[in-house]
Amino acid sequence: MNTPHAARRVFWTAFAATLLLKVVLAAGFPMTGDEAFFYQWGVYPAWGYSDHPPMVGWLLALLRQISEHPLALRSFTLLVTSVIALGIVDLLRRFLPEEREASAWLAGAVYLVMPWSWMFVLVTTDTPLIFFMALSAWAYLRADGAQRGAAAGYALAGLFLGLAFLSKYFAALLGFAYAVHAFGWRRERWWAPFLIFACALPSIALNLAFNATHGWSNVMFNVFNRNEGSHWSLQTFGVYVGMALYLLTPWLLWRGMVSRVAPGVSPVTARTAAVLWLFPLLVFLLLSTRRTIGLHWVLGFVPLFVLWAGLRLGAWELRRSMAWTLALSVPHLLVVAAVAWAPLAWWQPFKVHERAVFLRETAAVVAELRRDLPADATLMARTYNPAAMLAYHHGRYVPVFGVGRHHARQDDQIIDFRGYDGKPLRIFSYDDPDLAAFAPYFERVSKRRFEIDGVAFYAVDGTGFRFQPYRDTVLAEVAREFHGIPAWLPVLGNPFCERYGFPACSPGR
């Protein structure tokens, strides 16, 4: 049962089954708000965007040339974890002795059946991030175990790390892990982090150039705006610990901790694998004392953990872990299927019913919003999530009306509210709107209520938009709240502040 042949058969069965499942989910799951938001990046290609570096926008710009169907847009994402599983098998077959080959195949199978592996089908910034992080780690581990030609492997690790950085800033944590490993446990290769950094530098420089000329939008979001109000919290610490145990699975983590490295495995390789996943998770543990750590932040390091476990566990232990992981996947699959395909009436007793209807019936909401819409009117929404989803089904960009939040401020880059002066706007709202909040910005306002599947939604119709009071109140607040760029950052350009004449965040301030 635990022969390499049997283990290989288990892996390829898991590979085919999970890939098929991902195709079904990618084709049938409704387009989510975050996906629809990043889809707009692909519709309007640029060398940078609001919250994060541009890689997912570039990816979607290519994929939408095939089709705008969710399956086409998600096609690259659904392949990511399958490719990573192949990488895990490849590395373990290199590092384990021949008689432990079964462990290599079974570790790859364990990764495939993890819920967050087969559920990884939505196209977000995490898609290219996790893909390029995995390629970088794969190149680094191969270089680390090589006696000759290591420099080429480290250079490749740096190149892929740079591409991961152009996906999301969290990639830098993997780079820090490389440095900690080399300076702490691989001092004879002290030069490796410098080579990696040099090869990642073009990507870093590109992003820095964009930020300097666009109000430091990525930096303001990731470093300042999203961290305002952070404070010591035992609750966020506890939540992170529970989430980490959940992602790594208690059984795999426990068995890995109590088992020794397999005989014949290089101590250098075993140590490298441990540092590359432990260091980032410990950094997240420290950060969790002051802020919430997103589950998706940790996902990129799970493959490295599985690799580490594969260096320690035998075939029988990995088979047992796979059985437990499959059991964990069952409730996840039921919930995902219910969200995607269960009758909406099933959700009526729950608070999420209204959002479930909007998620599944966005096209019907758009049809109602288009009813009697003046030819020169623009459709808007109060927050970015419904705005993005409406835009995907409307076929036109839907801006956010109002201050919004620190998330998803792409409007600041590309929308010019001066162009709406004197024109009609129709603004979508989940809740019954207070017209007094809209009246200062229009000559006349009214609202209407409509129902989709028994759920009430609202639209505010504003006639004769008044740009100047909107600029002096709403846009001025946006400038204060989200464009308070520190004095030590050089501002070479800021489309938002220059467009609306806010000198405090414009070049030459």
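Worth saying up front: this structure is predicted, and the values here are computed from it rather than measured.

Rules and cut-offs
Residues numbered from 1 in each chain as written. Predicted model: local features only at pLDDT ≥ 70, side-chain atom pairs only at ≥ 80, totals over all residues. Heavy atoms only, no water. Helix = DSSP H or I, 4+ residues; strand = E, 2+ residues; numbered from the N terminus. Buried < 20%, exposed > 50% of the residue type's maximum accessible area, 1.4 Å probe, protein only. Polar contact = N/O pair within 3.5 Å; in protein donor to acceptor, adjacent residues only side chain to side chain. Contact = heavy atoms within 4.5 Å. Phe/Tyr/Trp six-rings, centres within 6.5 Å; stacked < 30°, edge-to-face > 60°. Core = buried A, V, L, I, M, F, W, Y, C linked by side-chain atoms within 4.5 Å. Axes fitted to C-alpha atoms, helices over the stretch in contact; angles between N-to-C directions. Parallel < 35°, antiparallel > 145°, perpendicular 65-115°, else oblique. Left-handed = near helix turned anticlockwise from the far one by under 90°. Nonpolar A, V, L, I, M, F, W, Y, C, P; charged D, E, K, R; others polar.

1. Overview of the side chain of Ser 506
With respect to the helices and strands, Ser 506 occurs in the segment after helix H24 (495–500). Residue classification places Ser 506 among the buried positions, given a relative accessible area of 9%. At 3.4 Å, the side chain of Ser 506 forms a polar contact with the backbone oxygen of Cys 497. Non-local contacts of Ser 506, meaning those with residues more than four positions away in its chain, are made with Val 491, Cys 497 and Glu 498.

2. Remarks on the packing of aromatic side chains
Scanning the model with the defined rule gives 53 aromatic pairs in all. For the ring pair Tyr 140 and Tyr 178, a centre distance of 4.1 Å and an interplane angle of 10° mean the geometry is stacked. With Tyr 140 in helix H8 (residues 126–144) and Tyr 178 in helix H10 (residues 171–185), this residue pair connects regions lying 38 residues apart in the sequence. For the pair formed by Tyr 140 and Tyr 178, the shared burial category is buried. Ring pairs connect the aromatic residues Phe 401, Phe 417, Tyr 420, Phe 438, Tyr 441, Phe 442, Phe 465 and Tyr 470, which therefore count as one cluster.

3. Here we look at the nonpolar core
Ranked by size, the top nonpolar core spans 126 residues in total, and within it Leu 252, Val 306, Phe 401, Phe 417, Phe 465 and Phe 502 carry the most contacts. When neighbours within four sequence positions are excluded, Phe 502 is seen to be in contact with Arg 471, Leu 475, Ala 476, Ala 479, Phe 496 and Cys 497. Counting 42 residues, the second-largest nonpolar core is a separate cluster that includes Met 31, Val 123, Trp 347 and Ala 459.

4. Thoughts on the environment of His 296
Along the chain, the position of His 296 falls in helix H16 (residues 295–298). A residue is classified by how much of its surface remains accessible, and His 296, at 31% relative accessible area, is partly exposed. The spacing of His 296 and Ile 130 is 166 residues in sequence and 9.7 Å in space, taken between C-alpha atoms. Setting aside anything within four residues of it in sequence, one finds His 296 in contact with Asp 126 and Lys 168.

5. Here we look at the packing of helix H9 (residues 150–165) against helix H11 (residues 192–213)
At a closest axis distance of 7 Å, the pairing of H9 and H11 adopts a crossing angle of 30°. Classified by the angle their axes make, H9 and H11 are roughly parallel. Judged by the sense of rotation from one axis to the other, the crossing of H9 with H11 is right-handed. In this structure, H9 uses Ala 151, Tyr 154, Ala 155, Gly 158, Leu 159, Leu 161, Gly 162, Leu 163 and Phe 165 to contact H11, whose residues at the interface are Ala 192, Leu 195, Ile 196, Cys 199, Ala 200, Ser 203, Ile 204 and Asn 207. Each residue belonging to the contact of H9 with H11 can be placed in one class, and the counts come to 13 nonpolar, four polar and no charged.

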